[in-house]
Amino acid sequence: MASGVKVSDDIHKAYTDIKKSKKYRYIIFHIKDDKEICIETYGDRDASYDDYLEHLSNVGPEQCRYGLYDFEYEHACQGTSDTKKQKLFLMSWCPDTAKIKKKMLYSSSFDALKHALEGVGKYIQATDMAEASYECVLEKCRSTDRS
């Protein structure tokens, strides 16, 4: 179900900056005037996951957002020591308290952003802070790792 919402041109450059250049830890996107997905803010490379969650909660209980995060975590294959892994994930943040029209717009526009950001490791939909928590995201990222 396409919403007709376009992806802003500057998103492709920002995606390269986070994926290849490791310039940012995260990027938050919003839908501007119900027509275009635009960048709202960047998180510096030394920003924490808590900073990312804080930004999502500070936009308000009725606001939806998309977030691209360069997630780092420890992973151990059987018989080996822990190694650091990185996985880019794209999150659709639509709180239960958001208006239905806004939730529908963000849900139907998510595919457009997915196609623009080729190579993202995981797609996550969160409706509350429990689903967006570090532990929940870590579990989802590890679910596709080899053990």
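With an unreviewed UniProt entry as reference, the protein is termed ADF-H domain-containing protein, source organism Petrolisthes manimaculis.

Q: Residue-level account of the overall build of the protein, with values.
A: Within the protein, the secondary structure is distributed over five helices and six strands. Beginning at the N terminus, the succession of helices and strands in the protein can be written as β-α-β-β-α-β-β-α-β-α-α. Its C-alpha atoms give the protein a radius of gyration of 15 Å, within 12% of the compact-globule value 15 Å for 147 residues. Its C-alpha atoms give the protein principal-axis dimensions of about 50 × 30 × 30 Å. Summarising the internal contacts of the protein: among those between residues at least 6 apart in sequence, 64% fall at separations of at least 24. In the protein, 23 positive and 25 negative side-chain charges are present, and the distance between their average locations comes to 5 Å.

Q: Give me the lowdown on the sheet that holds strand β4 (residues 65-75), citing residues and values where you can.
A: Here six strands make up an open sheet; going across it, the order is β1-β3-β2-β4-β5-β6 and the pairing mixed. Whereas interior strands pair on both sides, the edge strands pair on one side only; in this sheet they are β1 (6-7) and β6 (122-126). Note: strand β2 (residues 24-32) against β4, four bridges, orientation antiparallel. Counted as the bridge partner of Ile-27 is Leu-68 from β4. Here helix α1 (residues 10-19) sits on the sheet in contact with β1, β2, β3 (36-44), β4 and β5 (83-93), set at roughly 160° to β2.

Q: If you had to explain a negative patch on the surface to someone new, which residues and values would you point to?
A: A surface patch of like charges, here negative, comprises Asp-9, Asp-10, Asp-33, Asp-34 and Glu-36. With respect to the helices, strands and loops of the structure, Asp-34 is situated in the loop between β2 and β3.

Q: Quick one: what's the story with the pairing of β5, residue by residue and with numbers?
A: As paired strands, β4 and β5 are joined by eleven bridges and run antiparallel to one another. Residue pairing across strands places Tyr-73 opposite Lys-85, the latter belonging to β5. Bridge count for β5 against β6 is five bridges, and the pairing is parallel. Across the sheet, residue Ser-92 finds its bridge partner in β6, namely Gln-125.

Q: Which residues make up the packing of aromatic side chains, and what are the values?
A: As enumerated under the stated definition, the model contains 18 aromatic pairs in all. A centroid spacing of 6.3 Å and a plane angle of 80° characterise the contact between Tyr-52 and Phe-89, whose relative ring orientation is edge-to-face. With Tyr-52 in helix α2 (residues 49-58) and Phe-89 in strand β5, this pair connects stretches of sequence that are 37 residues apart. The exposure classification of Tyr-52 matches that of Phe-89, with both residues buried.

Thresholds applied
Residues numbered from 1 in each chain as written. Predicted model: local features only at pLDDT ≥ 70, side-chain atom pairs only at ≥ 80, totals over all residues. Heavy atoms only, no water. Helix = DSSP H or I, 4+ residues; strand = E, 2+ residues; numbered from the N terminus. Rg over C-alpha atoms; globule rule 2.2 N^0.38 Å. Contact = heavy atoms within 4.5 Å. Lys, Arg positive; Asp, Glu negative; His and termini not counted. Charge placed at Lys NZ, Arg CZ, Asp CG, Glu CD. Pairing = 2+ DSSP bridges. Axes fitted to C-alpha atoms, helices over the stretch in contact; angles between N-to-C directions. Patch = residues over 30% accessible without salt bridge, like charges linked within 9 Å, V, L, I, M, F, W, Y side chains within 5 Å. Areas by Shrake-Rupley, 256 points an atom, 1.4 Å probe, with all protein chains shown as cover. Salt bridge = Lys/Arg side-chain N within 4 Å of Asp/Glu carboxyl O. Phe/Tyr/Trp six-rings, centres within 6.5 Å; stacked < 30°, edge-to-face > 60°. Buried < 20%, exposed > 50% of the residue type's maximum accessible area, 1.4 Å probe, protein only.

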